[in-house]
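Structure assessment
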Amino acid sequence: MKKIIFGAAMLVCAAAMVSCGGKTPSGISKGSRSKMDTLSYAIGMNIGQGISGDMPEMKFDAAVLATNAEKALFDKGMKSEDAVAVLEEFFRNKRPQRLQKLDEQMRERMKDTTAAPIDPKEVDIFESDDERREVSEAYGADMGSRLRKSRLPLQTYWFVRGFTDSYSGGETVVTPDQAAMCMQTYFMVTRPAENKKASEEWLASIEKQSGVQKTESGLLYRIDREGDAAIKPKATDVVEVDYEGKFRDGEVFDSSYERGSSTEFPLNGMIKGWTEGLQLIGKGGQVTLWIPSDLAYGTYGSSMIGPNEALEFKVELLDVKVGNEPAKTEAPAAAAEKPADEGSAE
């Protein structure tokens, strides 16, 4: 359902290929036709190849899909919830039924030794052009929305061109091997190095602020409200919290306030920065944490968090419940993914 094919963990950019680097990881821009951006083109290429290879029966309207992906990258166009509703209906109900019918047709055809086999590449699962356009619009909107949340430095002109060139099966500006090398270099070398440097500089500036303290582990914190000193959590306790998580540029990536409900979890099931930081306040207290990447999601990041990314959290400790070495559990922050290079859950 609403599957998007782009191996983000496998992508990146080689110096031997046109131009690829030196941009802020979160910057989305139109780009220039006169100056190729290989990373954007390679990611578009990768997605186009993935869709055509994995779903040959889905004859999308490539222009509609690409246009709506570009709109979503700029947070415009079809609303995310509307796109998801269209995709859920099609991929959960319509597509499985039609694939089953197609399978039955292929089995019947095989019984006739004089009939030519059905070529999956020639199958078109859409029943009308209106349906094709609707699903293409929703798929593009969903794709663009997900890419925007990944905070990649995409230039939409080159991303769209890479997608349309590869999806159409036409000639591409770079080879698949060059595209793969470009993405690998960016995700494995360039992006981690840029994030590490920017995070260190950001934390150094935070440390100079009034009221900010630092623990031996490198965690920065400011106690905004002490809370009840007699009821402080231990690592093995279960805590109920309200919280807000931000990237260093101030963008909120996770918030219980926005969801309108608090979250409960075992404290030792969180990233190290949370486990340490929440033990500094009592029930009813509030703390702001600036967490180095090695106390958060580490070298590889998570689905929402980039590699070597330092983070900021505001956390209110609403309640403390005595635990007994509770099992690790998914934590709320950053889609509850465990740190890349740590054994415990976030």
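Reading the values: the criteria
Residues numbered from 1 in each chain as written. Predicted model: local features only at pLDDT ≥ 70, side-chain atom pairs only at ≥ 80, totals over all residues. Heavy atoms only, no water. Helix = DSSP H or I, 4+ residues; strand = E, 2+ residues; numbered from the N terminus. Contact = heavy atoms within 4.5 Å. Areas by Shrake-Rupley, 256 points an atom, 1.4 Å probe, with all protein chains shown as cover. Core = buried A, V, L, I, M, F, W, Y, C linked by side-chain atoms within 4.5 Å. Buried < 20%, exposed > 50% of the residue type's maximum accessible area, 1.4 Å probe, protein only. Expected span 1.5 Å × (residues − 1). Bend = angle between axes of the 7 residues up to and from the residue. Phe/Tyr/Trp six-rings, centres within 6.5 Å; stacked < 30°, edge-to-face > 60°. Axes fitted to C-alpha atoms, helices over the stretch in contact; angles between N-to-C directions. Parallel < 35°, antiparallel > 145°, perpendicular 65-115°, else oblique. Left-handed = near helix turned anticlockwise from the far one by under 90°. Pairing = 2+ DSSP bridges. pLDDT = per-residue confidence, 0-100. Salt bridge = Lys/Arg side-chain N within 4 Å of Asp/Glu carboxyl O.

1. Quick notes on the overall build of the protein
Tallying secondary structure elements over the protein gives 8 helices and 7 strands in all. Of the contacts formed within the protein by residues at least 6 apart in sequence, a portion of 78% connects residues at least 24 apart. About 16900 Å² of surface is accessible on the protein, with carbon and sulfur atoms providing 48% of the total.

2. Thoughts on the nonpolar core
One finds Ile51, Met58, Phe60, Tyr139, Met143 and Phe159 to be the most contacted residues of the largest nonpolar core, which totals 41 residues. If you look at the next biggest cluster of nonpolar residues, it comprises 26 residues, including Val239, Val287, Ile291 and Val320.

3. Some thoughts on helix α3 (residues 80-111)
Under the 1.5 Å per step criterion, the end-to-end length of α3 is 45 Å for 32 residues, consistent within 8% with the ideal 46 Å. At phenylalanine 91, α3 is deflected by roughly 35°, the largest bend along its length. Close packing links the buried residues of α3 with α4 (129-149).

4. Focus on the packing of aromatic side chains
Both the distance between ring centres and the angle between the ring planes are used here to describe each pair of aromatic rings. In this structure the tally under the stated criterion is 14 aromatic pairs. With 4.8 Å between their ring centres and 45° between their planes, phenylalanine 247 and phenylalanine 253 make a pair best called tilted. Given the relative accessible area of 3%, phenylalanine 247 is considered buried. A ring pair is formed by tryptophan 274 and phenylalanine 313, whose centres lie 5.2 Å apart and whose planes are at 80°; its orientation type is edge-to-face. In this pair, tryptophan 274 is assigned in helix α8 (residues 272-277) and phenylalanine 313 in strand β7 (residues 311-321), connecting sequence segments 39 residues apart. On the basis of relative accessibility, which here comes to 0%, the residue phenylalanine 313 falls in the buried class. Here a set of aromatic residues connected by ring pairs shows up, and it is made of Tyr243, Phe247, Phe253, Phe265, Trp274 and Phe313.

5. Quick notes on the packing of α3 against α4
Where α3 contacts α4, the axes come no closer than 9 Å and their chain directions differ by 125°. It follows that α3 is oblique to α4 by the angle criterion. Crossing hand, α3 versus α4: left-handed. Within the contact between the two elements, α3 uses Ser80, Ala83, Val84, Val86, Leu87, Phe90, Phe91, Lys94 and Arg98 and α4 uses Glu131, Glu134, Val135, Ala138, Tyr139, Ala141, Asp142 and Ser145.

6. Concerning the packing of helix α2 (residues 62-73) against α4
Running from N to C, α2 and α4 point in directions that differ by 35°, and their axes come no closer than 7 Å. Handedness of the α2/α4 crossing: right-handed. When α2 is examined against α4, the residues Val64, Leu65, Asn68, Ala69, Ala72 and Leu73 are found in contact with a partner set consisting of Arg133, Ser136, Glu137, Tyr139, Gly140, Ala141, Met143, Gly144, Ser145, Leu147 and Arg148.

7. Some points on the environment of serine 199
When you line up the elements, serine 199 lands in helix α6 (residues 176-207). Not counting chain neighbours up to four residues away, the residues in contact with serine 199 comprise Arg248, Asn308, Glu309 and Ala310.

8. Quick notes on the environment of serine 40
Tracing the backbone through its elements, the reader meets serine 40 in helix α1 (residues 38-54). According to the relative accessible area criterion, serine 40 is buried, its value standing at 0%. Taking the C-alpha atoms as reference points, serine 40 and arginine 161, separated by 121 residues in sequence, lie 9.0 Å from one another.

9. What about the pairing of strand β4 (residues 252-255)?
Looking at chain direction, strand β3 (residues 238-246) and β4 are connected through 3 bridges and run antiparallel. Looking across to β4, one finds that glutamate 244 is bridged to serine 255. The hairpin formed by β3 and β4 contains 5 residues between the paired strands, and glycine 250 there has a positive phi angle of roughly 95°.

10. Some points on unusual backbone geometry
Note: most residues except glycine have negative phi, and most peptide bonds are trans. Phi is positive for arginine 151, close to 60°, though the residue is something other than glycine. Turning to its location among the elements, arginine 151 is positioned in the loop between α4 and α5 (156-167).

11. With respect to the confidence of the model for the protein
Residues with a pLDDT of 70 or more make up 85% of the protein, whose mean pLDDT is 86. Here residues 1-25 is a poorly scored stretch, pLDDT under 50, and it has 93 contacts once near neighbours within four places are set aside; other chains count. Here residues 333-346 is a poorly scored stretch, pLDDT under 50, and it has 53 contacts once near neighbours within four places are set aside; other chains count.

12. Here's the deal with α1
Over its 17 residues, α1 runs 24 Å from end to end, which matches the ideal 24 Å to within 8%, given 1.5 Å per residue. Across the 17 residues that make up α1, a large majority, 12, are buried. Three or more residues of α1 are buried, namely Thr38, Leu39, Ser40, Tyr41, Ala42, Ile43, Gly44, Met45, Ile47, Gly48, Gly50 and Ile51. Tucked into the core, α1 has its buried residues touching α4, α5 and α6.

13. Focus: the pattern of salt bridges
What the rule picks out here adds up to 25 salt bridges. Counted as one network, the salt bridges with shared partners bring together Lys94, Arg98, Glu127 and Glu131.

14. Remarks on the pairing of β7
Counting buried residues along β7, 8 of its 11 residues qualify, which places the element largely inside the surrounding structure. Bridge analysis of β3 against β7 gives 9 bridges, and the strand direction is antiparallel. Looking across to β7, one finds that valine 239 is bridged to valine 320. Bridge count for strand β6 (residues 286-291) against β7 is 6 bridges, and the pairing is antiparallel. Along β7, the bridge assignment pairs glutamine 286 with glutamate 316.

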